[in-house]
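# Report on the structure
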Amino acid sequence: MGKISNNEIANLKKVRKVLTKPLRTKWTTQLKVKQFTVELMSEDHKYHFKLYMRQAVLHENNFSCGISLIEDSENDITLARYNGSSHVHVNKLDGQRFDFQCHIHEANADCLKVARKIEDYAIATERYKDLSGAIQCILEDYNIININLGQLISQGGLFDEL
């Protein structure tokens, strides 16, 4: 896709996304972080995506879930990441600071033009307080239609030790 415009990003956000195969993956733990990833595709099979979720075992506010566009086997573009309140975030673009607040990073043409990353800008949110809430928001915001929060949690392991 190369350079990506804000209109293309908006289209990627609203396109309906479905699982590429039945949900059989389990939550895994690596370096005290539980994680889970599923592959998605647009209903027309034109785009492929990765939905990922992470939760620190020792800190309930240290979590994130995000969605990436998979361009090829080596490159993917993070479209959004919903972070927990475990850290301070400062926007490099405008200097706004969020002290231990949940916040959402979303792709835009300006940030992707520079580094192909979305780290430099976020907005604070009160739409969620934990990973379950963040997952529910991303499922709704990014039009992921054939999966629900209950399915993700029932895959085992997420809340066993928290």
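A brief look at the structure comes next. (Residues numbered from 1 in each chain as written. Predicted model: local features only at pLDDT ≥ 70, side-chain atom pairs only at ≥ 80, totals over all residues. Heavy atoms only, no water.)

Let's shift gears to the pairing of strand 4 (residues 48–56). Examined bridge by bridge, strand 3 (residues 33–42) and strand 4 share nine bridges and lie antiparallel to one another. Directly across from Leu 40, in strand 4, lies its bridge partner Phe 49. A loop of five residues connects strand 3 with strand 4, the two strands running antiparallel in sequence, and His 45 in this loop sits at a positive phi of about 65°. Relative to strand 5 (residues 63–70), strand 4 runs antiparallel, the two being bridged by eight bridges. Within the sheet, the bridge partner assigned to His 48 lies in strand 5 and is Ile 70. Counted between consecutive antiparallel strands, the loop separating strand 4 from strand 5 contains six residues. (Pairing = 2+ DSSP bridges. Helix = DSSP H or I, 4+ residues; strand = E, 2+ residues; numbered from the N terminus.)

Of all hydrophobic cores here, the largest spans 40 residues; its most connected members are Phe 49, Ile 67 and Tyr 82. Listed by contribution, the elements that provide at least two residues to this core are helix 1 (6–14), strand 3, strand 4, strand 5, strand 6 (76–83), helix 2 (109–115), helix 3 (131–141) and helix 4 (149–154). Looking at this core, the element that brings in the most residues is helix 3, giving six residues. Contacts of Ile 67, omitting those with residues within four sequence positions, involve Lys 17, Leu 40, Phe 49, Lys 50, Tyr 52, Ile 77, Thr 78, Leu 79, Ala 80, Ile 138, Tyr 142 and Ile 144. (Core = buried A, V, L, I, M, F, W, Y, C linked by side-chain atoms within 4.5 Å. Buried < 20%, exposed > 50% of the residue type's maximum accessible area, 1.4 Å probe, protein only. Contact = heavy atoms within 4.5 Å.)

Quick look at the packing of aromatic side chains now. In the structure shown here, the tally under the stated rule is four aromatic pairs. Look at Trp 27 and Phe 36: their rings are 5.1 Å apart centre to centre, the planes differ by 20°, and that puts the pair in the stacked class. With respect to class, Trp 27 is no different from Phe 36; both count as buried. Between Tyr 47 and Phe 49, the aromatic rings sit 6.4 Å apart at their centres with planes inclined by 50°, giving tilted as the arrangement. In terms of burial, Tyr 47 and Phe 49 fall into one category: buried. Lys 17 extends its terminal NZ or CZ atom over the ring of Phe 49, reaching a point 5.1 Å from the ring centre. (Phe/Tyr/Trp six-rings, centres within 6.5 Å; stacked < 30°, edge-to-face > 60°. Lys NZ or Arg CZ within 6 Å of the ring centre and 35° of its normal.)

Turning our eyes to something else, we now look at the environment of Ser 5. Looking at the element boundaries, Ser 5 is found in the segment before helix 1. Residue classification places Ser 5 among the partly exposed residues on the basis of a relative accessible area of 29%. In the structure, Ser 5 is positioned 105 residues away from Asp 110 in sequence and 8.7 Å away in space, judged by C-alpha atoms.

It is worth spelling out the pairing of strand 9 (residues 103–106) at this point. In terms of strand pairing, strand 6 meets strand 9 through four bridges, oriented antiparallel. For Arg 81, the partnering residue across the bridge sits in strand 9 and is His 105. In terms of strand pairing, strand 9 meets strand 10 (residues 123–124) through two bridges, oriented antiparallel. When the bridges of strand 10 are listed, Ile 104 appears paired with Ile 123.

Enumeration according to the criterion identifies five salt bridges in this entry. Measuring nitrogen to oxygen at the nearest pair gives 2.8 Å for the salt bridge that ties Arg 16 to Glu 43. Here Arg 16, found in the loop between helix 1 and strand 1 (17–19), pairs with Glu 43, found in the loop between strand 3 and strand 4; they are 27 residues apart in sequence, far enough to count as distant. Relative accessible area serves as the criterion here: at 40%, Glu 43 is assigned to the partly exposed category. Two residues, Lys 50 and Asp 76, come together in a salt bridge whose shortest N-O distance is 3.3 Å. (Salt bridge = Lys/Arg side-chain N within 4 Å of Asp/Glu carboxyl O.)

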